[in-house]
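Chains, contacts and geometry: an overview
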Amino acid sequence: MYKIAVFPGDGIGVEVTAQAMKVLRKVEPKTGLRFETEELLAGGASIDQFGVPLTPETLAKAQKADAVFLGAVGGPKWDSLPSDKRPEKGLLGLRKGLNAYANVRPVKMFPQLASRSPIREEIVKGLDFIILRELVSGVYFGSPRGIEKLPDGTERGFNTMSYTTPEIARIARRAFEFARKRRKKVTSVDKANVLDVSQLWRKVVIEVANGFPDVELSHRYVDDCAMQLIRDPKQFDVIVTSNLFGDILSDESAMLTGSIGMLPSASVGDKVAMYEPVHGSAPDIAGKDIANPLATILSVAMMMEHSFDQPKAARAIEAAVEKVLADGYRTADIYAEGTTRVGCVKMGDLVTERIS
Ligand code: IPM
Ligand code: MG
């Protein structure tokens, strides 16, 4: 019996999580395991209920679970709150509280969607790499931070991009370990031509690489990497990078696959891992039953594999998603002429039906 802490969150997070839970229940008997889910509040939902984006009691529950599953947080309703009261702080608090420092974002092209990419099909067809984003440090968490009044009446806003040697070394090790199971190529992305923090990043990554002589290491500046992702994304196998750069590059990478609605993620550390789609709460389409639940459903597959050692269940979920796409069903974001447009709930049903 395993416990999963489930945070549907806000906006479409609620809708896509409901579909993922259907899939979870469908694969459950095939794993021989039992999953007990507890729904918890984070983000705007928690602000509405408790006045804060994440309560210490809720975090404690998540820390005691065997896995954490999250939809998405945020929305215009809470946008004017001060930065430490915003929904996003709940998500960051969970990541930090679980020490889920390694965020794995697989960028995989489903063949049926190659023509949906804004990038030419020959450039993205067969695309398969992962972004490994450092998730609990960097400019997202560095101090000092804030907005201060200056004597002349103007203001100054500031954040600190900081990484320690151990923080860099542990994410770098993960990158090499992932690469070993793949095509054995790591690209470390930084801005070492300008930032001190990146110079340390690069130095430590090179040191860690010495322990992995079978893996090829290269370095790219983040601006160059952003360009290479459009020019020739198939050159990448494992991209390892800092929190902010990984945030930006993963949205760009998601779009290569046709829609950000397709990308799952796993955030692993030394304790409980957390699973969430790469996309956000998409308030503009929330409540309309048009969101794409596939990224969230694929996050269940990642959870089966990484937290519960059930690769067969993971493959069954992925195969069901592929089958649904092959059968021509599409949500609005991946719709193309000649395919059948379906809503979020229907898409969830179609995948669930196809799990064998
Ligand atoms: C992501 C999101 C989050 C982030 C937001 C919602 C705080 O964009 O998971 O990529 O910036 O990490
Ligand atoms: Mg992001």
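Quick caveat, the model's predicted, so the values are computed rather than measured.

Below, the discussion takes up empty space enclosed by the protein. Taking a probe equal in size to a water molecule and rolling it over the atoms shows the remaining empty space. If you walk through the whole model with that rule in mind, you get 1 cavity of 30 Å³ or more. Its volume calculated, the largest cavity comes out at about 50 Å³. Listing elements by their share of the lining of the largest cavity, those giving two or more residues are strand 8 (185-190) and helix 7 (196-209). In the lining of the largest cavity, the residues fall into 6 nonpolar, 2 polar and 1 charged.

Attention shifts here to the site of ligand 1. For ligand 1, the full set of nearby residues is Glu88, Leu91, Arg95, Arg105, Arg133, Tyr140 and Asp247. Here Arg133 contributes a side-chain N or O atom positioned 2.8 Å from an oxygen atom of ligand 1. Taking Tyr140, its side chain carries an N or O atom lying 2.6 Å from an oxygen atom of ligand 1. In isolation ligand 1 offers 320 Å² of accessible surface; the protein chains occlude 80% of this area. Of all the cavities here, the one that holds ligand 1 is the second largest pocket. Looking at the shell around ligand 1, the element that brings in the most residues is helix 4 (residues 87-97), giving 3 residues. Taken together, the residues that form the shell around ligand 1 break down as 2 nonpolar, no polar and 5 charged.

Our next topic: unusual backbone geometry. In this structure, the amide linkage connecting Ser143 to the following residue, Pro144, adopts the cis form with an omega of 5°. Here Pro144 is to be found in the loop between strand 5 (128-134) and strand 6 (146-149). The phi torsion at Asn99 lies on the positive side, around 50°, for a residue other than glycine. Secondary-structure assignment places Asn99 in the loop between helix 4 and strand 4 (102-108). Residue classification places Asn99 among the buried residues on the basis of a relative accessible area of 17%. Here Asp309, not a glycine, exhibits a phi torsion of approximately 50°, which is positive.

The next thing to look at is the sheet that holds strand 5. Ordered by their spatial adjacency, 10 strands build an open sheet running 2-1-3-12-11-4-5-10-8-9, and the pairing between neighbours is mixed. In this open sheet, the two strands that pair with only one neighbour each are strand 2 (35-39) and strand 9 (216-221). The average undirected angle you get between the axes of adjacent strands in this sheet is 25°. Note that strand 11 (residues 266-268) and strand 12 (residues 273-275) share 2 bridges and pair antiparallel. Across the sheet, Ala266 pairs through a bridge with Tyr275, a residue of strand 12. This element, helix 9 (residues 243-256), spans strand 4, strand 5, strand 8 and strand 10 (238-241) of the sheet and lies at about 155° to strand 5.

The subject of this paragraph is the pairing of strand 5. Most of strand 5 sits inside the fold, with 6 of its 7 residues counted as buried. In terms of strand pairing, strand 4 meets strand 5 through 7 bridges, oriented antiparallel. Directly across from Val104, in strand 5, lies its bridge partner Leu132. Pairing between strand 5 and strand 10: 4 bridges, direction parallel. Bridging across to strand 10, Leu132 finds its partner in Val240.

All right, on to the pattern of salt bridges then. This structure, assessed with the given rule, holds 24 salt bridges. The shortest N-O distance in the salt bridge between Arg25 and Glu28 comes to 2.8 Å. On the criterion of helical spacing, the pair formed by Arg25 and Glu28 is a turn pair, its members being 3 residues apart in helix 1 (residues 12-31). Notably, a salt bridge pairs Asp214 with Arg180, separated by 2.9 Å at the nearest N-O pair. Of the two residues, Asp214 is situated in the loop between helix 7 and strand 9 and Arg180 in helix 6 (residues 165-180); the sequence distance between them amounts to 34 residues. Take Asp214: its relative accessible area is 35%, and that puts it in the partly exposed class. One connected set of salt bridges, linked through shared partners, spans Asp128, Arg182, Arg183 and Asp237.

The next subject is the domain arrangement of the protein. Examined at the domain level, the protein breaks down into domain 1 (1-105 + 263-356) and domain 2 (128-256). A separation of 24 Å is found between the C-alpha centroids of domain 1 and domain 2. Each partner contributes residues to the interface: domain 1 has 17 residues there, and domain 2 has 18 residues. Summed over both partners, the interface of domain 1 with domain 2 comes to about 1600 Å²; 60% of that surface belongs to carbon and sulfur atoms.

Rules used throughout
Residues numbered from 1 in each chain as written. Chains lettered and ligands numbered in written order. Predicted model: local features only at pLDDT ≥ 70, side-chain atom pairs only at ≥ 80, totals over all residues. Heavy atoms only, no water. 1 Å grid on protein atoms, 1.4 Å probe; cavity = no way out; pocket = protein on both sides within 12 Å on 5 of 7 lines; lining within 4 Å. Points joined across faces, edges and corners; volume = space filled by probe spheres on them. Helix = DSSP H or I, 4+ residues; strand = E, 2+ residues; numbered from the N terminus. Nonpolar A, V, L, I, M, F, W, Y, C, P; charged D, E, K, R; others polar. Near = heavy atom within 4 Å. Polar contact = N/O pair within 3.5 Å; in protein donor to acceptor, adjacent residues only side chain to side chain. Areas by Shrake-Rupley, 256 points an atom, 1.4 Å probe, with all protein chains shown as cover. Sits in = over half its atoms within 2 Å of the grid points. Buried < 20%, exposed > 50% of the residue type's maximum accessible area, 1.4 Å probe, protein only. Pairing = 2+ DSSP bridges. Axes fitted to C-alpha atoms, helices over the stretch in contact; angles between N-to-C directions. Contact = heavy atoms within 4.5 Å. Salt bridge = Lys/Arg side-chain N within 4 Å of Asp/Glu carboxyl O. Domains from an automatic or database assignment. Buried area = accessible area lost by both parts, 1.4 Å probe.

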